[in-house]
Amino acid sequence: MSAKPGTRRSGHSSQGSRSAPRRYSGVCRGGGPGTDLVSRLVNETPRDGIPLSAQDFDNYFLLLVVAGNETTRHTISHSMLALIRHPEQLAGSRRTPR
């Protein structure tokens, strides 16, 4: 189901739909332009022409934060476990760090 022109993704009026992204932009980015993902979400209109609602932006931002945390945490944990299980690799990385 596609949204009607002039409506947010949640089906409400698009008036004021950029308040949460602007709040994040003002707090996290100083309101300035940037090339990082959050700045692009704040400053650009999606290809479908329908701006993200405040709720959509908040949900997407939370998804990115949680996913980044999970990925980093698991990568570090599994890397350490692999080095413990393979001490020859740990010794080799100590001799020639990259």
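Scroll up to find the structure.
Residues numbered from 1 in each chain as written. Predicted model: local features only at pLDDT ≥ 70, side-chain atom pairs only at ≥ 80, totals over all residues. Heavy atoms only, no water.

(A) Structural context of the side chain of Ser 39. Examined against the element boundaries, Ser 39 turns out to sit in helix 2 (residues 37-43). A polar atom in the side chain of Ser 39 sits 2.8 Å from the side chain of Asp 36. (Helix = DSSP H or I, 4+ residues; strand = E, 2+ residues; numbered from the N terminus. Polar contact = N/O pair within 3.5 Å; in protein donor to acceptor, adjacent residues only side chain to side chain.)

(B) Summary view of the packing of aromatic side chains. Taken as a whole, this structure holds 1 aromatic pair when the rule is applied. On the basis of an interplanar angle of 20° and a centroid distance of 6.2 Å, the ring pair of Phe 57 and Phe 61 is categorised as stacked. Of the two residues, Phe 57 and Phe 61 are both situated in helix 3 (residues 54-85); the distance of 4 residues between them amounts to about one turn of the helix. Relative accessible area serves as the criterion here: at 21%, Phe 61 is assigned to the partly exposed category. (Phe/Tyr/Trp six-rings, centres within 6.5 Å; stacked < 30°, edge-to-face > 60°. Buried < 20%, exposed > 50% of the residue type's maximum accessible area, 1.4 Å probe, protein only.)

(C) Quick look at the pattern of salt bridges. Counted according to the given criterion, the structure contains 2 salt bridges. Between Glu 44 and Arg 40 there is a salt bridge; the shortest N-O distance is 3.3 Å. Residue class for Glu 44 comes out partly exposed when judged on its relative accessible area of 39%. Accessibility expressed as a relative area gives 43% for Arg 40, which makes it partly exposed. (Salt bridge = Lys/Arg side-chain N within 4 Å of Asp/Glu carboxyl O.)

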